[in-house]
There are 2 protein chains.
Amino acid sequence: METFFNYLRRYTEHPMSAQEIALLQQAFSRRKVRKRQYILQEGDVCRHLSFITKGAMRQYSVDDKGIEHIVQFGIEDWWMSDRESFELGSVSTYNIDAWEDSEVLQIHYDDWWEIRNSIPAMRILTAEMDKRHAVAAQKRIHAAITLTAEERYLDMLRHQPAFIQRFPQNMIASYLGISPETLSRIRKQAYLKNE
Amino acid sequence: METFFNYLRRYTEHPMSAQEIALLQQAFSRRKVRKRQYILQEGDVCRHLSFITKGAMRQYSVDDKGIEHIVQFGIEDWWMSDRESFELGSVSTYNIDAWEDSEVLQIHYDDWWEIRNSIPAMRILTAEMDKRHAVAAQKRIHAAITLTAEERYLDMLRHQPAFIQRFPQNMIASYLGISPETLSRIRKQAYLKNE
DNA sequence: AAATTGAATTGACAAATGTCAACTACTCAT
DNA sequence: ATGAGTAGTTGACATTTGTCAATTCAATTT
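Novice: What should I look at first to understand the protein's contact with DNA strand D in this one?
Specialist: Not every one of the 15 residues close to DNA strand D is listed here, only the nearest: Thr182(A), Gln169(B), Asn170(B), Ser184(B) and Arg185(B). Of everything in DNA strand D that lies within 4 Å of the protein, sugar and phosphate atoms constitute 55%. Gln169(B) places a side-chain nitrogen or oxygen 2.5 Å from a phosphate oxygen of DNA strand D. Interatomic distance of 2.5 Å between a side-chain N/O atom of Arg185(B) and a base nitrogen of DNA strand D. Put simply, the parts of the chain that give the surface near DNA strand D at least two residues each are helix H9 (180–193) of chain A together with helix H8 (169–176) and helix H9 (180–193) of chain B. With four residues, the single largest contributor to the surface near DNA strand D is H9(B).

Now the structure itself:
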């Protein structure tokens, strides 16, 4: 829980009262998630929002051919959920599972709603989260329609080195929307250029 | 302004007081934008949020080779801004201009901040906007990394026919991240399939 | 230590998409 | 009415990326 409060302090500035802190501690529940364990499966409704305090997770869909398409990575201090399913209560087409043994703080949709209404700092945090999320999404969309596969990889290398270090290469390829073979070749070429 | 209030009623349910309505009318200013006229240029900071009451606009970047990359279209009832520049006050790398003669309601960043704090309905609206925006962004990212060029076009045809009707084909291609020639061929093939 | 597993690499080839140039059709301004 | 632009189409070819199969490599299990 300490990780989470550090995160809160970083993004809200607003100090919270002891009472508010107690409320938060009540609303969030800690959960260990082992490698390869799911916290959301395709076909279920995403009822919880999860804050990662430890570990590495991913959100992905599986197509007709059984190929996984990763739309999001998450490590410490990241939130995981299928936003569409969570907000709309619709059936999710995504899976979320742990790649490293992880630990998350989960809050139920109803409590999240409640918390945001009753604790001002949480409203600010939500707005901040949405803002950052929107900016990141715009960048990723721009990268997808503008850059080549190699440029997208280099861009990721620069802006999200943590992901590249902690997830295997085939998952990075999936995230970038290219085949593992192509990524392997891109890396080889980039390496040769530096020699 | 009527268009805007219709929109508000549709998304907030909360009726507003006469005083609040007056506040809104004061904060927003109406502006006509002629075809090809800019409301944001690369290098400027995006200080205003614009709600389109009439017309059609687009947001795009221009690369080294002078090629435009469209990241967003907007028509009636859509908001336009470079979210990153608007929220962070950073210099924008995007342009926003009108494709049809348009009319927008503009609000300055400071007033927008103020309005959201003082009018509860606007806070709800903001949250709703962010939510819808996040869902749409996730879908577009998923489409970009999962679908082929043809599938992306068909997806757009199904979910955003209005854009396809109102913007020329080369802009649709830019939005999809493909060359105009490729889109032309995709359309030809799709047409042949239906014969 | 041997065997097993899965990830990463590599090669050969196929498919998708981009580029360039030519041509057509259309609109708009003079 | 004429001419200049602009969008869209088409063909030929280049480049990028995907697919499939084989191989290497490292980690893990037995």
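Novice: For this particular structure, what's the right way to read helix H2 (residues 18–27) of chain B?
Specialist: Every α-helix winds through 3.6 residues per turn, so residues three or four apart in the chain are directed the same way. Residues and elements named next belong to chain B. Every buried residue of H2 is accounted for by Glu20, Leu24 and Ala27. Here the buried residues of H2 occupy an arc of 70 degrees about the axis, which is enough to place them on one side. Every exposed residue of H2 that faces more than 90 degrees away from the buried side is listed here: Ala18, Gln19 and Gln26.

Novice: Honestly, the packing of aromatic side chains in this entry has me stumped. Any pointers?
Specialist: In this description, an aromatic ring pair is defined by two values, namely the gap between the centres and the angle between the planes. Here the structure, examined in full by the defined rule, presents 34 aromatic pairs over all chains. When the ring of Trp78(B) is compared with that of Phe163(B), the centres are 5.3 Å apart and the planes differ by 55 degrees; the resulting orientation is tilted. Of this pair, Trp78(B) sits in the loop between strand E5 (68–74) and strand E6 (79–80) while Phe163(B) sits in helix H7 (residues 161–166), and the two are 85 residues apart along the sequence. Cation over ring: Lys35(A) sits above Trp99(A), and NZ or CZ is 4.0 Å from the ring centre.

Novice: What is the right way to look at the relation of the copies chain A and chain B in this model?
Specialist: One copy of the chain maps onto the second through a rotation around an axis plus a translation along that axis. Of the transformation placing chain A onto chain B, the axial shift is 0.0 Å and the rotation is 180 degrees, giving an RMSD of 0.0 Å. Each copy turns onto its partner about a two-fold axis. A high fraction, 100%, of the interface residues of chain A reappear at the interface in chain B, so the copies pair face to face through one surface.

Novice: Explain the protein's contact with DNA strand C here, please?
Specialist: Residues in contact with DNA strand C amount to 15 residues; listed here are only the nearest, Gln169(A), Asn170(A), Ser184(A), Arg185(A) and Thr182(B). Sugar and phosphate atoms form 58% of the subset of DNA strand C atoms that lie within 4 Å of the protein. With respect to DNA strand C, the side chain of Arg185(B) contributes an N or O atom lying 3.3 Å from a base oxygen. For the surface near DNA strand C, the elements supplying multiple residues, two or more each, are helix H8 (169–176) and H9 of chain A together with H9 of chain B. By residue number, the principal contributor to the surface near DNA strand C is H9(A), which donates four residues. Looking at the surface near DNA strand C, its residues break down into three nonpolar, seven polar and five charged.

Novice: Explain the interface of chain A and chain B to me, please; I cannot follow it from the model alone.
Specialist: A common way to express how large an interface is: the accessible area buried when the components associate. With 29 residues of chain A in contact, the opposing surface of chain B contributes 29 residues. Between chain A and chain B, roughly 2,600 Å² of surface is buried when both sides are summed, and carbon and sulfur atoms account for 63% of that area. It is Gln138(A), Ile141(A) and Ile145(A) in chain A that bury the most area against chain B; as a group they hold 24% of the surface buried on that side. One can count two salt bridges joining chain A with chain B. Glu84(A) serves as the salt-bridge partner of Lys139(B), at 3.5 Å between the closest nitrogen and oxygen. Counting across the interface, chain A meets chain B through three residue pairs in polar contact (both at pLDDT 80 or more). Breaking the side of chain A that touches chain B down by element, the ones donating at least two residues are strand E4 (57–62), strand E5 (68–74), helix H3 (83–88), helix H5 (120–146) and H8 of chain A. Each residue belonging to the side of chain A that touches chain B can be placed in one class, and the counts come to eleven nonpolar, nine polar and nine charged.

Novice: Teacher, can you tell me more about the sheet that holds strand E2 (residues 38–40) of chain B here?
Specialist: Paired through backbone hydrogen bonds, the strands of a sheet run either parallel or antiparallel to each other. Strand order in the open sheet made by the four strands is E2-E7-E4-E5 (chain B), with antiparallel pairing throughout. Single-partner strands in this sheet number two, and they are E2 and E5 of chain B. Strand-to-strand twist of the sheet, defined as the mean angle between neighbouring strand axes without regard to direction, takes the value 30 degrees. Bridge count for strand E4 (residues 57–62) of chain B against E5(B) is six bridges, and the pairing is antiparallel. Note on E5(B): the bridge partner recorded for Arg58(B) is Phe73(B). Running at roughly 130 degrees to E5(B), H5(A) makes contact with E4 and E5 of chain B of the sheet.

Novice: Please explain unusual backbone geometry as it appears in this structure.
Specialist: Trans is the prevailing form of peptide bonds, just as negative phi is the prevailing case for residues other than glycine. Positioned with a positive phi, Asp77(A) is a non-glycine residue whose angle comes to about 75 degrees. Inspection of the secondary structure assignment puts Asp77(A) in the loop between E5 and strand E6 (79–80). Positive phi is not limited to glycine here, since Arg36(B) has a value of about 75 degrees. Tracing the backbone through its elements, the reader meets Arg36(B) in the loop between strand E1 (29–33) and E2. Looking at Arg36(B), the relative accessible area reads 56%, which means it is exposed.

The rules behind each value
Residues numbered from 1 in each chain as written. Chains lettered and ligands numbered in written order. Predicted model: local features only at pLDDT ≥ 70, side-chain atom pairs only at ≥ 80, totals over all residues. Heavy atoms only, no water. Near = heavy atom within 4 Å. Polar contact = N/O pair within 3.5 Å; in protein donor to acceptor, adjacent residues only side chain to side chain. Helix = DSSP H or I, 4+ residues; strand = E, 2+ residues; numbered from the N terminus. Buried < 20%, exposed > 50% of the residue type's maximum accessible area, 1.4 Å probe, protein only. Arc of directions from axis to C-beta. Phe/Tyr/Trp six-rings, centres within 6.5 Å; stacked < 30°, edge-to-face > 60°. Lys NZ or Arg CZ within 6 Å of the ring centre and 35° of its normal. Least-squares fit on C-alpha atoms with pLDDT ≥ 70 in both. Contact = heavy atoms within 4.5 Å. Nonpolar A, V, L, I, M, F, W, Y, C, P; charged D, E, K, R; others polar. Buried area = accessible area lost by both parts, 1.4 Å probe. Salt bridge = Lys/Arg side-chain N within 4 Å of Asp/Glu carboxyl O. Pairing = 2+ DSSP bridges. Axes fitted to C-alpha atoms, helices over the stretch in contact; angles between N-to-C directions.

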